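This is what each chain is made of:
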Amino acid sequence: MIPRYLVNFDVRQLPQVHTDVIVIGAGIAGLFTALRSAENHKVLMVTKKSLLDSNTRYAQGGIAAVISDEDSPAYHRQDTLIAGAGLCSSAAVDVLAHEGPAGVTDLIRMGTEFDMEDGRYALTKEGAHSQRRILHAQGDATGAEIVRALSEKTKQDPNIEIWDDHFVIDLITDNGECFGALVQKPDGSRVIVHAKATILCTGGAGQLFRYTTNPDIATGDGIAIAYRAGANIRDVEFIQFHPTALCYPGAPRFLISEAVRGEGAVLRNINGERFMEQYHPQLELAPRDIVARAIVSEMENTKSTFVYIDFTHESEETVKHRFPTIYEYCLSYGLDLSSDWIPVAPAAHYMMGGVETDLHGETTVKRLFACGEVSSTGVHGANRLASNSLSEAIVFGRRIVERIDRLSPIAELPHILEEQRSKDNAIQPVVEKKLKLQKVMLRYAGLKRHAQGLEKGYDELKRHVSIFDSCLAKREEYEFANLLICALLTTQAALIRQESRGGHYREDFPDKDDVVWRKHTVFNRANGITEGRIDDV
């Protein structure tokens, strides 16, 4: 049903470019890994828009690392494991907790300026963290500051070449080894890039859903590309819906950071009643999946499309200083964070699963690596702990570079001739197809799921698979094909997992089942669906 390659091509007929390392995507994962790789290698960065277009840019809360003397890696490890609901890799979490501070030091060395208070780094607390360990920048613009610093340094590095507005269609593989990528240029022509190592840093798949905090580039490209290339795709049923995205007429689902609740904001239903005490002892700072489902329950009980987040106990001066980006954004829609209750609702935010990697970021395809949200390192389990995503990217980015430094030279490109598509099929406008896919996913594979809905959704998604027989040529067509693959895998995985755990909630199986389901779901294009062993967890 899903082809190995999306387009027809002949390796011998296309121009070739040679480099040491290909980094596909930007964001903190791509920029950081490119900079570290460039210390010893020639690097080509390929982005489908620009260095500034990524999920990282919109990250508000911050980056989690053990900086305070009152904190410890053991505390960070425990908090991450608890949030992950039994599916974290303890070895991966150990790596994150112990190596996170060194990664933050790297970011600072590369020019990132985190907020300071009284000569020390200002630390905040977020949901399910037991300690204040979240570093932030410009109040609530941490991601933008990191992207600013790293992109400036990347542009200045003589060992890094940047291809903006280029699209990686597929990876070139042979006998389970990656040799590089097939890339489409802005003018529609194509080129083969041959490299010793290829790193996927393509971010997540928030565009699977109608309502998301992710930008429009988050179309699951890396997961779909890796799946077609033969890599294992793991745990994609676990989608994190951020509990508090702005829900206001005419406004996109703008993120209202978890740090707002970390600084004391409370949730109220449309009747003005606080409700989190009915759902969890940690109240507004419970794990995200619990808060998101609690909000949906309140919306259903009160027949509303939103709840409120109330931060009015703080002074206007404090609100403006700590959350300037959120304050200004809300104000542009006539909402004052310091004096108004802000209407919010959950929105798709983060995919915990992705391309399976080992502890050095290498996938099950040799010389193919994955870093950041596209990867499944084992850190996040069934539910990501707030602000661990940026930490994961720098920690495993460093480890990927260590592995690449030890790789042997790459062999010559294999001869690949792909001739599956014989005609140019007329296809429905991609904008319409994408909207239909998003509505199916929201309706049947969103915050609450059950077998009947998942089966119906999967059947509706399968109606679109004829796109794989079409002669695709445009970026939006490739993106839709990639989204469709991610949607099919996510829906299948959600149907297979007959329990509720973390970011996956089944109304027909509302309890967690450690006896049967404390294991991974793994997809492989050649081998089908498998399950990770308990000792993998």
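Each remark here, short or long, concerns the structure printed above.
Residues numbered from 1 in each chain as written. Predicted model: local features only at pLDDT ≥ 70, side-chain atom pairs only at ≥ 80, totals over all residues. Heavy atoms only, no water.

### What about the overall build of the chain?
Cut-off, in case you're wondering: Helical segments are the DSSP runs of H or I of at least four residues, strand segments are the runs of E of at least two, and each set is numbered from the N terminus. Only protein chains enter the accessibility calculation, which uses a 1.4 Å probe. A residue is then buried if its area is under 20% of the maximum for its type, exposed if over 50%, and partly exposed in between. By definition, residues are in contact when any of their heavy atoms lie within 4.5 Å. Computed with a 1.4 Å probe, the accessible areas rest on the Shrake-Rupley method; for each residue, only the protein chains presented here act as cover. We count Lys and Arg on the positive side and Asp and Glu on the negative side, and we leave His and both chain ends out. For the purpose of locating charges, the reference atoms are NZ of Lys, CZ of Arg, CG of Asp and CD of Glu.
Scanning the chain from terminus to terminus reveals 14 helices and 23 strands. Expressed along its principal axes, the backbone C-alpha trace of the chain runs to roughly 65 × 55 × 45 Å. Taken across its 537 residues, the chain has 63% of its residues classed as buried. A separation threshold of at least 6 residues defines the contact pool for the chain, and within that pool the share at least 24 residues apart is 72%. Within the structure as shown, the chain displays about 20200 Å² of accessible surface, and the carbon and sulfur contribution to it stands at 47%. Considering the chain, the positive charge centre built from 60 side chains and the negative charge centre built from 74 side chains are found 4 Å apart.

### Overview of helix α1 (residues 27-37)
Helical geometry: 3.6 residues make up each α-helical turn, so side chains three or four residues apart lie on a common side. Buried residues dominate α1, accounting for 11 of its 11 residues. Within α1 the residues assigned to the buried category are Gly 27, Ile 28, Ala 29, Gly 30, Leu 31, Phe 32, Thr 33, Ala 34, Leu 35, Arg 36 and Ser 37.

### Some details on a nonpolar patch on the surface
This is how it is decided: Residues form patches when they are more than 30% accessible in relative terms and have no salt bridge. Like charges link within 9 Å. Nonpolar side chains (Val, Leu, Ile, Met, Phe, Trp, Tyr) link within 5 Å. Here, a salt bridge means any side-chain nitrogen of Lys or Arg that lies within 4 Å of a carboxyl oxygen of Asp or Glu.
Taken together, the side chains of Ile 67, Met 116 and Tyr 121 present a nonpolar region at the surface, about 240 Å² in accessible area. Along the polypeptide, Met 116 turns up in strand β5 (residues 116-117).

### Regarding the environment of Arg 4
The following threshold applies: Here a polar contact is recorded for every N or O atom pair within 3.5 Å, except that within protein the pair must consist of a potential hydrogen donor and a potential acceptor, and residues adjacent in sequence are included only if both atoms are side-chain atoms.
Relative to the assigned elements, Arg 4 resides in the segment before β1 (9-10). Relative accessible area serves as the criterion here: at 16%, Arg 4 is assigned to the buried category. Taking the C-alpha atoms as reference points, Arg 4 and Asp 170, separated by 166 residues in sequence, lie 8.7 Å from one another. Not counting residues within four places of it along the chain, the set of residues in contact with Arg 4 comprises Asp 170, Leu 171, Thr 173, Arg 228, Ala 229 and Arg 525. Polar contacts involving the side chain of Arg 4 include one to the side chain of Thr 173, which spans 2.8 Å. Looking at Arg 4, its side chain comes within polar contact range of the main-chain oxygen of Arg 228, at 3.2 Å.

### Quick look at the packing of aromatic side chains
What counts, and what does not: Side-chain rings of Phe, Tyr and Trp, where Trp is taken by its six-membered ring, are said to pair if the distance between their centres is within 6.5 Å; with planes under 30 degrees apart they count as stacked, over 60 as edge-to-face, and otherwise as tilted. Sitting over a ring, as applied to charges here, requires NZ of Lys or CZ of Arg to be within 6 Å of the ring centre and within 35 degrees of the ring normal.
The tally for this structure, following the rule as stated, stands at 10 aromatic pairs. For the ring pair Tyr 5 and Phe 9, a centre distance of 5.0 Å and an interplane angle of 80 degrees mean the geometry is edge-to-face. The two residues Tyr 5 and Phe 9 agree in class, both being buried. Where Phe 306 meets Tyr 308, the ring centres are 5.3 Å apart and the plane angle is 75 degrees; that geometry is what we call edge-to-face. For Phe 306, a relative accessible area of 21% translates into the label partly exposed. Its end group placed over the ring of Tyr 5, Arg 4 keeps NZ or CZ at 3.9 Å from the ring centre. One residue, Lys 519, lies across the ring of Trp 517, its end atom 5.2 Å from the ring centre.

### Observations regarding the pattern of salt bridges
Any two side chains of opposite charge can pair, on the condition that their charged atoms come close. Evaluated as defined, the whole model comprises 34 salt bridges. Taking the shortest distance from any N to any O, the salt bridge between Arg 403 and Asp 358 comes out at 3.3 Å. In this pair, Arg 403 is assigned in helix α10 (residues 388-405) and Asp 358 in the loop between β18 (354-356) and β19 (368-370), connecting sequence segments 45 residues apart. With relative accessibility at 29%, the residue Asp 358 sits in the partly exposed group. Each of Arg 36, Glu 39, Asp 106, Arg 109 and Arg 398 takes part in salt bridges that share partners, so that together they form one network.

### Here's the deal with the sheet that holds strand β8 (residues 134-135)
We count it as follows: We call two strands paired when DSSP finds no fewer than two bridges between them.
With respect to topology, 3 strands assemble into an open sheet ordered β4-β8-β7, the strand pairing being antiparallel. Among the strands making up the open sheet, the edge pair consists of β4 (63-64) and β7 (123-124).

### So, the packing of helix α3 (residues 90-109) against α10
The following threshold applies: In this description, a line fitted to the C-alpha atoms serves as the axis of each element, helices being fitted only across the stretch in contact, and the angle between N-to-C directions of two axes falls anywhere from 0 to 180 degrees. In these notes the angle categories are as follows: under 35 degrees is roughly parallel, over 145 is roughly antiparallel, 65 to 115 is roughly perpendicular, and the rest is oblique. Note that Gly is not counted as nonpolar here; it falls among the polar residues with everything else outside the nonpolar set of Ala, Val, Leu, Ile, Met, Phe, Trp, Tyr, Cys and Pro and the charged set of Asp, Glu, Lys and Arg.
At a minimum axis distance of 8 Å, the contact between α3 and α10 shows a crossing angle of 85 degrees. With respect to α10, the axis of α3 lies roughly perpendicular. Contact with α3, carried on its side by Ala 92, Val 95, Leu 96, Glu 99, Gly 100, Ala 102, Gly 103, Val 104, Asp 106 and Leu 107, involves Asn 388, Ser 391, Glu 392, Ile 394, Val 395, Phe 396, Arg 398 and Arg 399 of α10 and no other residues of that element. Looking at the contact of α3 with α10 residue by residue, the classes come out as 9 nonpolar, 4 polar and 5 charged.

### Considerations on the layout of surface pockets
Inclusion rule: Detection works on a 1 Å grid of protein atoms alone, calling trapped sets that fit a 1.4 Å probe cavities and calling open sets with protein on both sides within 12 Å along at least five of seven lines pockets, with lining residues defined by an atom within 4 Å of a point. Grid points are joined across faces, edges and corners, and a volume is the space filled by probe spheres set on the points.
The space that makes up the second largest pocket amounts to roughly 420 Å³. Lining the second largest pocket are 22 residues; nearest its centre among them are Val 296, Met 299, Leu 442, Gly 446 and Leu 447. Among the elements of the structure, α7 (288-302), β17 (342-351) and α11 (430-444) are those that each provide at least two residues to the lining of the second largest pocket. Among the elements that make up the lining of the second largest pocket, the one with the highest residue count is β17 (4 residues).

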